[in-house]
Amino acid sequence: MSTTHTNTATEPAGRADALRIAYSPCPNDTFVFDAWAHGRVPGAPALDVTFADIDLTNGMAERGEFDVLKVSYAVLPWVLDQYALLPCGGALGRGCGPLVLTRDGDVDLTGRTVAVPSERSTAYLLFRLWAADVVQGEVGRIVVMPFDEIMPAVRDGRVDAGLVIHEARFTYQRYGLHKLADMGEHWEATTGLPIPLGAIIAKRSLGEERLRALAGAARASVRMAWDDPSASRPYVAAHAQEMDPAVADQHIALYVNEFTADLGEDGYAAVRGLLERAATEGLVPPLGPDALSFP
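So, here is what we can say about the structure in this document. (Residues numbered from 1 in each chain as written. Predicted model: local features only at pLDDT ≥ 70, side-chain atom pairs only at ≥ 80, totals over all residues. Heavy atoms only, no water.)

General note: in soluble globular proteins, nonpolar side chains tend to be found buried as a group. Leu69, Tyr73, Leu76, Leu109, Phe127 and Trp130 are the most contacted members of the largest nonpolar core, which has 72 residues in total. With 8 residues, the top contributor of residues to this core is helix H4 (residues 122-134). By size, the runner-up hydrophobic cluster in this structure holds 34 residues, among which are Leu47, Cys88, Ala218 and Val247. (Core = buried A, V, L, I, M, F, W, Y, C linked by side-chain atoms within 4.5 Å. Buried < 20%, exposed > 50% of the residue type's maximum accessible area, 1.4 Å probe, protein only. Helix = DSSP H or I, 4+ residues; strand = E, 2+ residues; numbered from the N terminus.)

If you want it as C-alpha cells, here you go:
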C-alpha cells in the first residue's frame, strides 16, 4: 500500500532481539500495528519498525532485507521462496479499489500517459488487467512517481491520467479531477471476489513456530485496535502527516476489516485468483501449488 512518504523512517525498538519490520505510515497500518509496536500484545516479540513507501517495501522484500514486511500482493510471486504470506494483518476488501483519475471526463487511454505509484504494486496489476479488458488499444507511456505527486500531475496536465489508492478516494475532487474507472469495481464485477491490496509477509527462516506466533500477534493487535480505537489515535496521527483526522478514520474503516483479522477462504481465493490471472496474462511468474500455504 502506498503513502506520501518517499524516504524511510525508523523507530528504535530498544531491544537487540527485536524483529525488523517495515510498513507504511498510512492510517490502516499504524492502526493495525499500534498495540504490537508499543508492547501491548502479551507475549508478542518486540518490533524494530521502519516506515517506508510500498514501492520501497516491495524492493526490500525482493532483497530479503527485513524479517516482516507489508508489501503489495503483486510482488508475492517474486518473494515467496524466501517469505511466507501471513493469514492476517494485510489489506483486502470490497469497494476499496484503486481509481484511474483524469482532468477531463471520459478519456480513451489508448496511447496516453498514465502515472502510477509503482510497477510492482497490486494497483498497477489491477490496472493492467482492467486495461486489457476495457481499453480499445494500447495504453501509452507509464510514468512511476511518488503517490502524492500523481493528482497534481494530472491536474496540471503533465500526465493524461493517474492511478491512485487509499485516501485519494476521498480527496480527488479537491483537485478538480474525474474518476474514469474504479479498478476494484471491475475486479469485483468480473470475479465476485474481494480486492487484494497489501500483504504481510515474514521470512520462512524464522521457522514455523515463530511464524505462527507472528500471525497470532498480528491478529491480536488488530483486535485490540478494534476494541479500543482511541488507543491508536496518537500513533495514527503522528504518521499521517497533514491528513485530515476524518479522512484517516474513513481510511481505517475502509481498509481494516474482517480480512485483516483473517484472510479466510474468500481472501485466499482473491489472492490466488489475482496472481493466477496475472500469470496467465504474462504479468507475473506463476505460483507454485503450495506458495500461499501457511504453517
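What follows picks up the thread again.
Turning our attention to the pattern of salt bridges. Two side chains carrying opposite charge are able to pair once their charged atoms lie near each other. The full count for this structure, using the stated rule, is 11 salt bridges. Asp29 is the partner of Lys70 in a salt bridge, and the nearest nitrogen-oxygen pair spans 2.5 Å. Residue Lys70 is located in strand S4 (residues 68-72), and its partner Asp29 is located in helix H1 (residues 27-37); the two are separated by 41 residues in the primary sequence. Summarising the burial analysis for this pair, Lys70 and Asp29 share the class buried. Close ionic contact of Arg94 with Glu188 constitutes a salt bridge, the shortest N to O distance being 3.3 Å. With a gap of 94 residues between them, Arg94 in the loop between strand S6 (91-93) and strand S7 (99-102) and Glu188 in helix H7 (residues 183-191) connect regions that are remote in the sequence. (Salt bridge = Lys/Arg side-chain N within 4 Å of Asp/Glu carboxyl O.)

This brings us to H1. Burial runs high along H1: 10 of the 11 residues are buried. Restricting attention to buried positions, one finds in H1 the residues Pro27, Asn28, Asp29, Thr30, Phe31, Val32, Phe33, Asp34, Ala35 and Trp36. Just beyond H1, the residue with positive phi is Gly39, at close to 70°.

This next bit is on the packing of H4 against helix H12 (residues 264-280). Interaxial distance between H4 and H12 falls to 11 Å at its minimum, and their mutual angle equals 60°. Looking at the two axes, H4 sits oblique to H12. Seen along the crossing, H4 lies across H12 with a hand that is left-handed. Contact with H4, carried on its side by Thr122, Leu125, Leu126, Leu129 and Asp133, involves Leu274, Leu275, Arg277 and Ala278 of H12 and no other residues of that element. Here the contact of H4 with H12 is built from residues that sort into 6 nonpolar, 1 polar and 2 charged. (Axes fitted to C-alpha atoms, helices over the stretch in contact; angles between N-to-C directions. Parallel < 35°, antiparallel > 145°, perpendicular 65-115°, else oblique. Left-handed = near helix turned anticlockwise from the far one by under 90°. Contact = heavy atoms within 4.5 Å. Nonpolar A, V, L, I, M, F, W, Y, C, P; charged D, E, K, R; others polar.)

Remark: the centre distance and the inter-plane angle together describe each pair of aromatic rings, the angle taken between the planes. The final tally for this structure, using the stated rule, is 6 aromatic pairs. Between the aromatic rings of Phe127 and Trp130, the centroid separation amounts to 5.8 Å while the plane-to-plane angle is 35°, which identifies the pairing as tilted. Here Trp130 and Phe127 lie together in helix H4, a separation of 3 residues that amounts to about one turn. Comparing Phe127 with Trp130 shows no difference in burial state: the two are buried. Taken together, Tyr23, Phe33, Trp36, Phe51 and Tyr235 form an aromatic cluster joined through their ring pairs. Looking at Arg20, its charged tip hangs above the ring of Phe66, at a distance of 4.1 Å from the centre. (Phe/Tyr/Trp six-rings, centres within 6.5 Å; stacked < 30°, edge-to-face > 60°. Lys NZ or Arg CZ within 6 Å of the ring centre and 35° of its normal.)

With respect to the element layout, Ile200 can be found in strand S12 (residues 195-203). Residues Ile200 and Gly59, spaced 141 residues apart in sequence, show a C-alpha to C-alpha distance of 14 Å. Dropping the residues within four chain positions of it, Ile200 is found in contact with Phe33, Val68, Leu69, Lys70, Ala84, Leu85, Leu86, Cys88, Gly89 and Gly90.

Glancing now at the sheet that holds strand S8 (residues 114-116). In spatial order, the strands read S9-S8-S10-S7-S11; together these 5 strands make up an open sheet with mixed pairing. The open sheet has two free edges, formed respectively by strand S9 (142-144) and strand S11 (178-182), since each of these has just one partner strand. Strand-to-strand twist of the sheet, defined as the mean angle between neighbouring strand axes without regard to direction, takes the value 30°. Where S8 meets strand S10 (residues 161-164), 2 bridges bridge the pair, whose relative direction is parallel. Bridge pairing links Val114 to Ala161 in S10. Against the sheet, helix H5 (residues 147-155) touches S7, S8 and S10, its axis set at about 150° to S10. Set on the sheet, H7 makes contact with S7, S10 and S11; between it and S11 the angle comes to about 25°. (Pairing = 2+ DSSP bridges.)

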